[in-house]
Amino acid sequence: MSETIISKTFISFLMLLSLNVFGAPILNFDGSQQDIALSGYIDELEDQDKAFTLDQLTGQLSDEFQPNIKTTINYTFSDSAYWLRFSILNSTHTKQTLYLQNKVTWIDSLTFYQPNINGGYLASKTGSDITIEKRPLEHRSLVFSFDLEPDQESTYYLRVESVDALILPLFLTTENEFYKKDTLVNYFIGALLGVILVMSVYNLFIYNVIRDKVYLWYSFYVLFYGVNFLITQNLFFPSIKNSQDGWSEFLHLGPLNLYFLFIILFTGKFLNIKAQFPKLNYVLNFLIVLLVAASLSYFIFSYRVAMPLSANIVTLIPFILIGVGIYCYRKGVALAKFYIIAWLPNCALFLVFAFTFHGLLPYNLYTSFANDVGMVIEAVLLSLALAYRVRIFQKEAYTAQEQLLIEQKAQTEKLHSMVEQRTKELRTKNAELERLSITDKLTNLFNRRKLDNVLLSNVMHAKRYKKPLGVMLLDLDNFKNINDCFGHHEGDEVLQKVASLLMANCREKDIVGRWGGEEFLVICPMTEKEELLMVAERLRAAISDYDSPEIVSFSASFGTACYQHGENPELLVSRADKALYQSKANGKNQVSFAN
Ligand SMILES: Nc1nc2c(ncn2[C@@H]2O[C@H](COP(=O)(O)OP(=O)(O)OP(=O)(O)O)[C@@H](O)[C@H]2O)c(=O)[nH]1
């Protein structure tokens, strides 16, 4: 029992010891592997003062190396240089050309030491500090190539340092595999850039046509993502870090700052935050100020201060923006749902990307580009959300238009009924005016003006159709005396009474009017002499027989005439007047006929 414990303790001790003494295992290249992650075969040593020489490392410092235990080597932001050591055995029987590649392209400086035939080491250098033409292999990524003789085992050293995050996904590939993967990556980058470019230009066109700033901010945010992508892939200003001025330093992460700045502006417009939630708008404005400050910090502070500041701010923003989306959604903004959905894959894939660089997920084409794929998915989803936004606006505009039409219709109907009412009133007033213009105020009979017209039309009718027409002119007898004895008012009442007696006793077809003063004219269409005299006599009798205790008795004299062919109304009336004169002369209260 105790023997077992002792032997187990001893084995554990040996294992612990072996970590330091023997270091990482030797990579046995047997020709079957195509793309080998080097992290499991690496010993590492931090060089805090950046002072170690290769001689020291192969000599006295050799035992200081510790085996790396992470899946992806990641020293994040560090002022130290790091030395990596690995050994490879070529167990094939042919000479092998291998490619050592760091798949992150932003590392400032990588120096690769490979043994030469003299027992010394040959150094070659690459890094984002070095222009592509001056690199050992003219390639946008950081790569070295070296040969391995059959059955040869060699130990290699790699010195790395960078002001940017020191993330080292180191891979060893065969020449074939390197170019195969490279082509695949190029297609992938091309596809991503294609989508970004199309989205940006398309939305710029839309902005140009409809002038809604949401499309402009969308176009810019996608564009700046594209610029950032080009920079991180070393495809845009590959030698940018050669100069140390604020502008070139700004270009490292500045486009990402601008990407977020425009996505915040986009968010504000898309969710209509300024108009609906003024307080939330302060949050967005605060984020914009932060981003502008982060961008300006490249010109004020050192890169080592400005860079992590930018990096931390841009890491936080997606989560804040999702919070903004959730807030708007809970407040009933319909579009917020699409906004959140668009952000979710981006955030999820950002986590995949972050886990990969912290060695929690394997580094491969998919995990390394997860962040970029997330951004592109988000851009596509937000573009769809923009289309949906148009639909919502259309719906709103349609509803508003319908409402407007209903209101317009109600207004028109109201106006219509008002006009109708006014027209009716006007018609009544006109009719009243018309009536007044042809009516004698005192007796309510036709006045002289109307009588002239009616007489003319009757004379014309009689003339044209050779029909009989009679007229009678009557004048109250001794009316002056009534006025004088009983007063003008009594006289008026007599005139009114005579008018009503005439109306009551004439025939329906006869027309009665006041000719003037105490004179009345009665026009009798289709009436021959006998009938005319009969009607006149009836009227005369009705007047003179009238007996009322309130009103004094009175009588009237009548002059009648029948239309003679060709005469005018004036002549006809003047003949009746002569007959009237005759009645007066003969003692009044009688009817005379003008022959
Ligand atoms: N009350 C009243 N009197 C009127 C009106 N128009 C005319 N007169 C009066 O009628 C009278 C007519 O008088 P005259 O022409 O002398 O005739 P008369 O007194 O009837 O005598 P004869 O015609 O000969 O019977 C005048 O006194 C007028 O002032 C009226 O509208 N109202």
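Residues numbered from 1 in each chain as written. Predicted model: local features only at pLDDT ≥ 70, side-chain atom pairs only at ≥ 80, totals over all residues. Heavy atoms only, no water.

Draft legend 1. Expanded view of the pattern of salt bridges. This structure, assessed with the given rule, holds 21 salt bridges. For D35, the salt bridge goes to K181, with nearest N and O atoms at 2.7 Å. With D35 in strand β2 (residues 35-37) and K181 in helix α3 (residues 175-210), the pair connects residues that are 146 residues apart, well separated along the chain. The partner of R575 in a salt bridge is E567, and the shortest N-O contact between them spans 2.6 Å. (Salt bridge = Lys/Arg side-chain N within 4 Å of Asp/Glu carboxyl O. Helix = DSSP H or I, 4+ residues; strand = E, 2+ residues; numbered from the N terminus.)

Draft legend 2. Here's a closer look at the site of the ligand. Within the structure, the ligand sits among 16 residues, and N478, F479, K480, N483 and R514 are positioned closest to it. Within the backbone of N478, one N or O atom sits 2.6 Å away from an oxygen atom of the ligand. Compared with its free state, where it exposes 660 Å², the ligand has 66% of that area covered by protein. Broken down by secondary-structure element, the contributors of at least two residues to the shell around the ligand are β14 (469-476), α13 (479-486) and α14 (488-505). The element best represented in the shell around the ligand is α14, accounting for four residues. Of the residues contributing to the shell around the ligand, the split by class is three nonpolar, five polar and eight charged. (Near = heavy atom within 4 Å. Polar contact = N/O pair within 3.5 Å; in protein donor to acceptor, adjacent residues only side chain to side chain. Areas by Shrake-Rupley, 256 points an atom, 1.4 Å probe, with all protein chains shown as cover. Nonpolar A, V, L, I, M, F, W, Y, C, P; charged D, E, K, R; others polar.)

Draft legend 3. Highlighting the packing of helix α7 (residues 278-300) against helix α8 (residues 303-330). As a packed pair, α7 and α8 sit with axes 9 Å apart at the nearest point and diverge in direction by 165 degrees. Comparing the axis directions of α7 and α8 gives the class roughly antiparallel. Of the two possible hands of crossing, α7 and α8 adopt the one that is left-handed. The residue inventory of the contact of α7 with α8, partitioned by class, reads 19 nonpolar, two polar and no charged. (Axes fitted to C-alpha atoms, helices over the stretch in contact; angles between N-to-C directions. Parallel < 35°, antiparallel > 145°, perpendicular 65-115°, else oblique. Left-handed = near helix turned anticlockwise from the far one by under 90°.)

Draft legend 4. Region of interest: empty space enclosed by the protein. Under the criterion given, the structure shown has one cavity of 30 Å³ or more. If you trace the largest cavity, you find it lined by I196, Y221, V222, Y225, Y259, M375, V376 and A379. Across the lining of the largest cavity, the residue classes break down as eight nonpolar, no polar and no charged. (1 Å grid on protein atoms, 1.4 Å probe; cavity = no way out; pocket = protein on both sides within 12 Å on 5 of 7 lines; lining within 4 Å. Points joined across faces, edges and corners; volume = space filled by probe spheres on them.)

Draft legend 5. Here's a closer look at the environment of L166. Mapped onto the secondary structure, L166 falls in strand β12 (residues 166-168). Judged by relative accessible area, L166 falls into the buried class, the value being 0%. In sequence terms L166 and W106 are 60 residues apart; their C-alpha atoms lie 8.7 Å from each other. Apart from the residues lying within four places of it in its own chain, the contact partners of L166 are I73, N74, Y75, T76, S78, S80, Y82, I107, V160 and E161. (Buried < 20%, exposed > 50% of the residue type's maximum accessible area, 1.4 Å probe, protein only. Contact = heavy atoms within 4.5 Å.)

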